[in-house]
Amino acid sequence: MQPSVTEKQPSKKGRTKSIESVPGVSQHAAGLVLEAIYLKAKSLQKLGRLTDAAHECLSVLDAVEKIFDSGIPDVLVENKLQETVSHAVELLPELWKQAGSYSEAMSAYRRALLSQWNLDNDCCARIQKAFAVFLLYSGVEVCPPSLAVQIDGSYVPRNNLEEAILLLMILMRKVYLGKIKWDPSVLEHLTFALSVCGQTSVLAKQLEEVMPGVLNRIDRWRSLALCYFAAGQNKNALSLLRKSLHKHEEPDDVLSLVLASRICSEDVFLAAEGVKYAQRAITNAEGSNEHLKGVGLRVLGLCLGKQAKVATSDFERSQLQSEALKSLDGAMALEHENSDLMFELGVQYAEHRNLDAALQYARKYVDATGGSTLRGWRLLALVLSAQHRYSEAEVVTDAAFDETTKWDQGPLLRMKAKLKTSQSRYIDAVEPYRHLLSLVQAQRKSFGPFRNAPQVEEDKVNEYEVWHGLADLYSSLSHFKDAETCLEKARGLIEYSADTLYTEGMMFERQGENDKALSAYINALLVEPNHVQCKILLGSLLTKMDPGMLPLAKALLSDALRIEPTNRVAWYHLGLVHRDDGRVADAADCFQAASMLEESDPIEKFSSIL
């Protein structure tokens, strides 16, 4: 029953010759016996004797490998025998899975896909899909393919997730080539796998390659928008959502409205558009979509908060901030356990300078997340610093060090340095920067020295910010040579930066070189026109240099307050301008605003943690 396809017989000259030794009748007989063993395996499966069934099924494949030692040829194989082999190859890993023998199941899957069984496209696709599902959801971490089956230069998956993605992408390619029929579950599994590893841009490419008519175009646009949003390509995502929300498409789709509003909430210039989307989402959140009403209220609050930052008047700004808080409070009433909402409410109350409410939500967020997120600790420390409870803020940052990895400690160390600076402990503030520099050196060893500017900005510990912070500190101590050395290091990372020019200007001004300071501030504003600190110091310097510059100084300071209404330094200098211009009442109002803001001024802007 198991002779070789080619049997070697010695010739008279001592040579060997190959002759066909499996005639049609022998192949037919072998096929009948193998089919009987396969049916026995199916019967044992029905009886619950899964291990015995797997061994019987395995014997079928072992016998076939002995008959066809070089793999089943494309021709000269009876249909019935090929059908039995295909069924056995597909059944064996399922039997091992049902028996709980997952390592054997993994081996069976790989044997099915790597050996030459002459499977048709549909059978091979079913096995690939089943193996991908097993890798994704079994919870069993399997080893990568052995070296024996690897080809030089080929991609070798390192874990379950990578191997499953590879299989699913092969299936998608077969669909595009017309080898197999469209199976929507393959795309669903691939969506899950690529989302888990954050490769949404790859998923977007897969969605783009799906032939028109296979997917509903609105569903495709929405899925692509989600992919682009997750990949940080907000412009592309919003463009697709605008198409799907057109009046001739699905203008009242709640999911699309919520996502569009969420994207708009990240840009102050799109916030007004986002408010309209959020309001439509809340209106249409009925029936099966009623659970999205809280999400709609949340994004409405975020959009209103962003819109308040570009309000044209104090009255409009105050009104928008109040509406934002009202929307977020309404969302919290519907979603009591939403930790992200707690954080956003804490930030909104903090920016509104309601520090007691902000502290309450900051503590709630830290408790809800178990102290596992850096931004919760930072918000708590910032609120405490705004209440001038610096020692408690330091205790919070020390506690945060125990809950975070060393690569996430950069913002905490900078915050600790600023806390010490706020208490005029300048020498003590140098120590956190030493720790930051040690993290920078460790980061260099880990990621290599050859990095460009975009890579520098993506580092866990931003080396540019470390050197710039040290320059500010040394400048405050009047150690100008040390400050200049730090600025040189910063320029080596980012050559043209408004922050660097701003620090240079401060150093020149403290040394009495007002012309150089003026040039530095102007150059900084050319690099970054909305740099608030440069506008403030430039306005202040102009009033010192020439009393005739008061109108220009007033315009600069007013513009700074338009961008950052809670900047106490800008209010103070605007008060000085009004005083010098003879407007005593306006000056008094500005000084009062500066005094009130100083009582609740944090060491960093609350928006820095968003």
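Source: prediction; values computed, not measured.

Participant: How should the environment of Arg 510 be read in this particular structure?
Facilitator: Mapped onto the fold, Arg 510 is located in helix α24 (residues 498–510). For Arg 510, a relative accessible area of 42% puts it in the partly exposed group. When the C-alpha positions of Arg 510 and Ser 478 are compared, they lie 8.1 Å apart, and in sequence the two are 32 residues distant. With near-sequence residues (within four places) excluded, Arg 510 lies in contact with Ser 475, Ser 476 and Phe 480.

Participant: Teacher, can you tell me more about the packing of aromatic side chains here?
Facilitator: Aromatic ring pairs are described here by two measures, namely the spacing of the ring centres and the angle between the planes. Using the criterion set out here, one finds 8 aromatic pairs in the structure. Between Tyr 109 and Phe 134, the aromatic rings sit 5.9 Å apart at their centres with planes inclined by 35 degrees, giving tilted as the arrangement. Taken together, the positions of Tyr 109 in helix α4 (residues 102–114) and Phe 134 in helix α5 (residues 121–137) put the pair 25 residues apart, joining distant regions of the chain. In this structure, Tyr 109 and Phe 134 share a single accessibility class: buried. Taken together, a centroid distance of 5.9 Å and an interplanar angle of 5 degrees make the contact between Tyr 349 and Tyr 361 stacked. Here Tyr 361 lies in helix α16 (residues 355–369) and Tyr 349 lies in helix α15 (residues 339–351), a separation of 12 residues in the sequence.

Participant: Please clarify how the nonpolar core should be interpreted in this entry.
Facilitator: A general feature of soluble globular proteins is that nonpolar side chains tend to end up buried together. Formed by 80 residues in total, the largest nonpolar core has its most connected members in Val 89 and Trp 117. Among residues more than four places away in sequence, those in contact with Trp 117 are Leu 61, Val 64, Glu 65, Ile 72, Gln 82, Val 85, Val 89, Arg 111 and Ala 112. Of all hydrophobic cores here, the second largest spans 75 residues; its members include Leu 325, Leu 328, Leu 412 and Leu 470.

Participant: What's the story with the environment of Gly 492 in this structure? I'm lost.
Facilitator: Its place among the elements puts Gly 492 in helix α23 (residues 480–493). For Gly 492, a relative accessible area of 65% translates into the label exposed. For the pair formed by Gly 492 and Arg 280, sequence separation is 212 residues and the distance between their alpha carbons is 49 Å.

Participant: Help me understand the pattern of salt bridges, please; the structure alone is not making it clear to me.
Facilitator: Oppositely charged side chains can pair when the atoms bearing their charge come close. Counting across every chain of the model gives 41 salt bridges. Among the salt bridges present, the one from Lys 544 reaches Glu 509, with a minimum N-O distance of 3.3 Å. Of this pair, Lys 544 sits in helix α26 (residues 532–545) while Glu 509 sits in helix α24; the two residues are 35 residues apart in sequence, bridging distant segments of the chain. On the basis of relative accessibility, which here comes to 58%, the residue Lys 544 falls in the exposed class. Under the relative-accessibility criterion, Glu 509 is labelled buried at 17%. Note that Asp 580 is salt-bridged to Arg 579, the shortest N-O span being 3.2 Å.

Cut-offs and rules
Residues numbered from 1 in each chain as written. Predicted model: local features only at pLDDT ≥ 70, side-chain atom pairs only at ≥ 80, totals over all residues. Heavy atoms only, no water. Helix = DSSP H or I, 4+ residues; strand = E, 2+ residues; numbered from the N terminus. Buried < 20%, exposed > 50% of the residue type's maximum accessible area, 1.4 Å probe, protein only. Contact = heavy atoms within 4.5 Å. Phe/Tyr/Trp six-rings, centres within 6.5 Å; stacked < 30°, edge-to-face > 60°. Core = buried A, V, L, I, M, F, W, Y, C linked by side-chain atoms within 4.5 Å. Salt bridge = Lys/Arg side-chain N within 4 Å of Asp/Glu carboxyl O.

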